[in-house]
Amino acid sequence: DAEEYQPPIWKSYLYQLQQEAPRPKRIICPREVENRPKYYGREFHGIISREQADEILAGVEGAYILRESQRQPGCYTLALRFGNQTLNYRLFYDGKHFVGEKRFESIHDLVTDGLITLYIETKASEYISKMTTNPIYEHIGYATLLREKVSRRLSRTKNESRKASVTSEENTPVEKISSLVRRAALTQNDNHFNYEKAHNFKVHTFRGPHWCEYCANFMWGLIAQGVRCSDCGLNVHKQCSKYVPNDCQPDLKRIKRVYCCDLTTLVKAHNTQRPMVVDSCIREIEARGLKSEGLYRVSGFTEHIEDVKMAFDRDGDKADISASIYPDINIIAGALKLYFRDLPIPVITYDTYSKFIEAAKISNPDERLEAIHEVLMLLPAAHYETLRYLMIHLKKVTLHEKENFMNAENLGIVFGPTLMRPPEDSTLATLNDMRYQKLIVQILIENEDVLF
């Protein structure tokens, strides 16, 4: 696939327009202005009217001055000449200069960016409104390779080992192609757990010319030209980000830790069915701790639990949590509970929380079980799989109740608040819901073979 790949043709029209945009021209005040704010330069003309500003700027495209408002002393205005008229913008300063969302180190940069935006939006408003209609994203990169490789993978024999398939495909020259296609190839080469995940877009300032990986158009402006997904590195216009499918493939280089990381992001980055913390801890507990009295109720030493957390953050699935390092199994159990508590979105998500609570309030046992099953189906795939695996494990814990004294009700008390939290940070809501949280987990454990 990498060898057949043809690089996309980036559309240069908006880049050409940026090059044509008027350049800013600072009009210096010929006199010394008293009470000039220290963060403004000699482009500040003091208290003058709009009419006076218009006269100063007349006929010079891109010219600008700063003035203090006659009507509102202490308020400042940027007067800018564009399109043969003077535009006035309320100007603010909080350590940086701004008239809208973007913040600039200097007035000159603010004006430069403003002129680029005004010029492009004037010349190409219709073009911009249509640039998301035939995106490159639909033809190259994610979508195309996704379809091709899914069909190819489904035709493989079930006995083909994952390791062999990854090894054979690692030899393709994926690094030589664009980041868009690299992520696409990665998506299907070795990610078998194709959970849906939205991109985590953040406003980003690109150094040097950058093109949108969705529509292939230039990202114009000096700063904050677009957004970047902090999990996979996809670069797109802010307006294009609304159309990008939920197909983020997190890059391990961008995922700095294991704890406190979104569950779906973590499993996709590590290409695992569940968080490796959950697998590793449960494996260790089932190997040597199922008969431990008060398992999950008895606390391990906090500093040792923190050590385990740091080991996972540092070493991932290679973290050593064996008996030779941590002989007390309660430390491993504590580290597992801490992982669930630290999740930014709980295993039982905020979106489904109230539905689970309502289901728990149903008095008829059969109807309640049916309602809980319906809500389980609403969980994101990675959350569902993690919860399923944990419940199978906790059911095993209850089978050793005579030794560990932990039945489904006791485990519900421990894991209720750990696995589900109300969306609003309300102590009252948490207290009111505690018995239902316990009941939900108790029912999930007792009926894991039916519910999952």
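Per chain, residue numbering runs from 1 following the sequence as it is written. Totals for whole chains, interfaces and linings use all residues, but because this is a predicted model, local features are given only for residues with pLDDT of at least 70 and pairs of side-chain atoms are given and counted only at 80 or more. Excluding hydrogens and water, the side-chain figures rest on all heavy atoms present in the structure.

Under an unreviewed UniProt entry, the name given to the protein chain is Beta-chimaerin, and the organism recorded is Neopipo cinnamomea.

Draft legend 1. Representation of the side chain of S69. Each helix is a run of H or I in the DSSP string that is no shorter than four residues. Each strand is a run of E no shorter than two, and both are numbered from the N terminus. Along the chain, S69 falls in the loop between strand 3 (63-68) and strand 4 (76-82). Only protein chains enter the accessibility calculation, which uses a 1.4 Å probe; a residue is then buried when its area is under 20% of its type maximum, exposed when over 50%, and partly exposed in between. Overall, the relative accessible area of 12% leaves S69 in the buried class. Pairs of N or O atoms are called polar contacts if they sit within 3.5 Å, as long as, within protein, a hydrogen donor faces a hydrogen acceptor (for residues adjacent in sequence, only side-chain-to-side-chain pairs). Side-chain polar atoms of S69 contact the backbone nitrogen of R71, separated by 3.3 Å.

Draft legend 2. Inspection of the nonpolar core at higher detail. Working definition of a nonpolar core: buried Ala, Val, Leu, Ile, Met, Phe, Trp, Tyr and Cys residues. They are joined through side-chain atoms within 4.5 Å. Grouped together as the largest cluster of nonpolar side chains are 69 residues, with contacts concentrated most on Y296, F340 and F415. Sorting elements by how many residues they give to this core places helix 10 (residues 329-342) first, with nine residues. Shared between two domains, this core takes at least three residues from each, and those domains are domain 3 (269-341) and domain 4 (350-450). In this description, contact between two residues means that some pair of their heavy atoms is separated by no more than 4.5 Å. Here Y296 is in contact with I285, A333, L336, K337, H393, L394, V397, L411, V414 and F415, once residues within four sequence places are set aside. Among the nonpolar cores identified, the runner-up in size contains 44 residues, and Y76, I107, F218 and C229 belong to it. What fixes the domain bounds is an automatic or database domain assignment.

Draft legend 3. View of the pairing of strand 5 (residues 85-93). Strand pairing requires that DSSP identify at least two bridges connecting the strands. Across seven bridges, strand 4 lies against strand 5 in antiparallel orientation. Bridge pairing links Y76 to L91 in strand 5. Where strand 4 folds back on strand 5, the antiparallel hairpin that results is connected by two residues, among which G83 adopts a positive phi of roughly 65°. Across two bridges, strand 5 lies against strand 6 (residues 97-98) in antiparallel orientation. Each residue of the ladder has a partner; that of Y93, found in strand 6, is H97. Counting the residues that bridge the hairpin from strand 5 to strand 6 gives three residues, and of these G95 lies at a positive phi of roughly 105°.

Draft legend 4. Expanded view of helix 10. Every helix has an expected span of 1.5 Å times one less than the residues it contains. The end-to-end C-alpha distance of helix 10, which contains 14 residues, comes to 20 Å, matching closely the 20 Å that a straight helix rising 1.5 Å per residue would cover. Buried within helix 10 are the following residues: I329, N330, I331, I332, A333, G334, A335, L336, K337, L338, Y339 and F340. Buried-residue contacts for helix 10 involve helix 7 (263-270), helix 8 (276-288), helix 9 (302-315), helix 13 (381-398) and helix 15 (408-419). If you check the start of helix 10, you find a side-chain oxygen 3.0 Å away from the backbone N of N330, and it comes from D328.

Draft legend 5. Structural detail: the side chain of H97. Position of H97 among the secondary structure elements: in strand 6. Excluding residues within four positions of it along the chain, H97 makes contact with Y39, Y40, F92, K102, R103, F104, E105, S106, I107 and L110.

Draft legend 6. Representation of the environment of A408 in the model. Considering the arrangement of structural elements, one finds A408 in helix 15. Placed 14 residues apart in sequence, A408 and L394 show a C-alpha to C-alpha distance of 7.8 Å.

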